[in-house]
Amino acid sequence: MRFDIITVLPGLLESPFAHSILQRAQNKGIVEIHVHNLRNYTDNKHKNVDDYPYGGGSGMVMQIGPFAACIDKLKAERAYDEVIFLSPDGKTLNQEMANELSGKGNLLLLCGHYKGIDQRIRDIYVTREISIGDYVLSGGELAAAVVVDAVVRLIPGVLSDETSALSDSFQGDLLDAPVYTRPADWNGYKVPDVLLSGHQAQIDNWRYEQALERTRQRRPDLLDD
Ligand code: SAH
């Protein structure tokens, strides 16, 4: 799977992909992540990629020209399954969407800044708009990193223990059960006996009950249907 991300702040995206699971997925050759600096696609001598909004008002708007040049170049090199704009008014990212995207081949992600991007970029190029939640960030970079992380860990072969993604919260209709590790007794705070019992069926049952109870308490909406 391949991600291309267009941004005015490539430095913001260096660290998130250079560690842990995302780094290993790239080292294993399962995923490629390419970050493109939008400022390399402007003919403005100051490398500006934004301008004042028509009709007035506060905030600068990102221009269509540089985005069009960068997207056209990338599209000439390969076909993209989706051109995704990260935007607070997009569809909110959830596990179901992450699962769906993990089955795609090439994804192109556009990061906005300032007041947003010229609507014509969205009309002409964008096939899907994704929000990571009902709040406003300063730019799309952190949102893009969240999308890439959520998607990549679902690609078969990325997590060493295949089943660990399957038991995560939201993979089914339940949140994940509580987890414990050594020591079994920390200053009198003990791990539930059943987890030390060695009876896998009882452990599985306990985990299911705990997941159900946690979901009832915290996210009853997940159990509605
Ligand atoms: N004026 C816009 C917000 C612009 S914020 C509005 O009110 O809808 C600048 C950029 O940050 C956006 O273009 C988008 O790319 C990114 N962004 C901000 N909040 C986001 C969110 N919740 N999810 C995804 N991207 C977001």
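Source: prediction; values computed, not measured.

**Comments concerning the overall build of the protein chain**
Looking only at helices and strands, the protein chain features seven helices and 10 strands. A globule of 225 residues ought to have a C-alpha radius of gyration of about 17 Å, yet the protein chain, at 22 Å, is considerably larger. Dimensions of the protein chain along its principal axes, counting C-alpha atoms only, are 70 × 40 × 35 Å. Residue burial in the protein chain is summarised as follows: out of 225 residues, 39% are buried. Long-range pairs, those at least 24 residues apart, make up 75% of the contacts in the protein chain with a sequence separation of at least 6. Surface summary for the protein chain: the accessible area is close to 13100 Å², and the carbon and sulfur share equals 49%. For the protein chain, the centre of its 23 positive side-chain charges and the centre of its 32 negative side-chain charges are spaced 4 Å apart.

**A closer look at the site of the ligand**
Residues in close proximity to the ligand total 20 residues, the closest being Leu86, Gly112, Lys115, Tyr135 and Leu137. For the ligand, a nitrogen atom lies 3.4 Å from a polar atom in the backbone of serine 87. The contact in question runs from a nitrogen atom of the ligand to an N or O atom on the backbone of isoleucine 132, over 3.1 Å. Bound to the protein, the ligand loses 85% of the 560 Å² it would expose on its own. Here the ligand occupies the largest pocket. Of all the secondary structure elements, the ones that give two or more residues to the shell around the ligand are β5 (82–92) and β8 (128–131). Classifying every residue of the shell around the ligand by side-chain character gives 10 nonpolar, nine polar and one charged.

**Some thoughts on the sheet that holds strand β4 (residues 61–62)**
Read from one edge to the other, the open sheet built from three strands follows the order β3-β4-β7, with strand pairing classed as mixed. Only two strands of the sheet have a single neighbouring strand rather than two, namely β3 (50–51) and β7 (116–117). Pairing between β4 and β7: two bridges, direction parallel. Its bridge partner being in β7, valine 61 is matched across the sheet by glycine 116.

**Focus on the pairing of strand β6 (residues 106–110)**
The buried fraction of β6 amounts to four of the five residues, a majority that puts the element mostly inside the structure. One ladder, built from five bridges, connects strand β1 (residues 2–7) with β6; its direction is parallel. In the strand pairing of β6, isoleucine 6 is matched with leucine 110. In this region the chain leaves β5, passes through helix α3 (residues 95–101) and returns to the parallel neighbour β6; the handedness of that crossover is right-handed.

**As for the domain arrangement of the protein chain**
Here the domain parsing of the protein chain yields domain 1 (2–152) and domain 2 (169–224). Computed from C-alpha atoms alone, the centre-to-centre distance between domain 1 and domain 2 is 37 Å.

What counts, and where the lines are drawn
Residues numbered from 1 in each chain as written. Predicted model: local features only at pLDDT ≥ 70, side-chain atom pairs only at ≥ 80, totals over all residues. Heavy atoms only, no water. Helix = DSSP H or I, 4+ residues; strand = E, 2+ residues; numbered from the N terminus. Rg over C-alpha atoms; globule rule 2.2 N^0.38 Å. Buried < 20%, exposed > 50% of the residue type's maximum accessible area, 1.4 Å probe, protein only. Contact = heavy atoms within 4.5 Å. Areas by Shrake-Rupley, 256 points an atom, 1.4 Å probe, with all protein chains shown as cover. Lys, Arg positive; Asp, Glu negative; His and termini not counted. Charge placed at Lys NZ, Arg CZ, Asp CG, Glu CD. Near = heavy atom within 4 Å. Polar contact = N/O pair within 3.5 Å; in protein donor to acceptor, adjacent residues only side chain to side chain. 1 Å grid on protein atoms, 1.4 Å probe; cavity = no way out; pocket = protein on both sides within 12 Å on 5 of 7 lines; lining within 4 Å. Sits in = over half its atoms within 2 Å of the grid points. Nonpolar A, V, L, I, M, F, W, Y, C, P; charged D, E, K, R; others polar. Pairing = 2+ DSSP bridges. Right-handed = clockwise from strand over helix to strand, strands pointing away. Domains from an automatic or database assignment.

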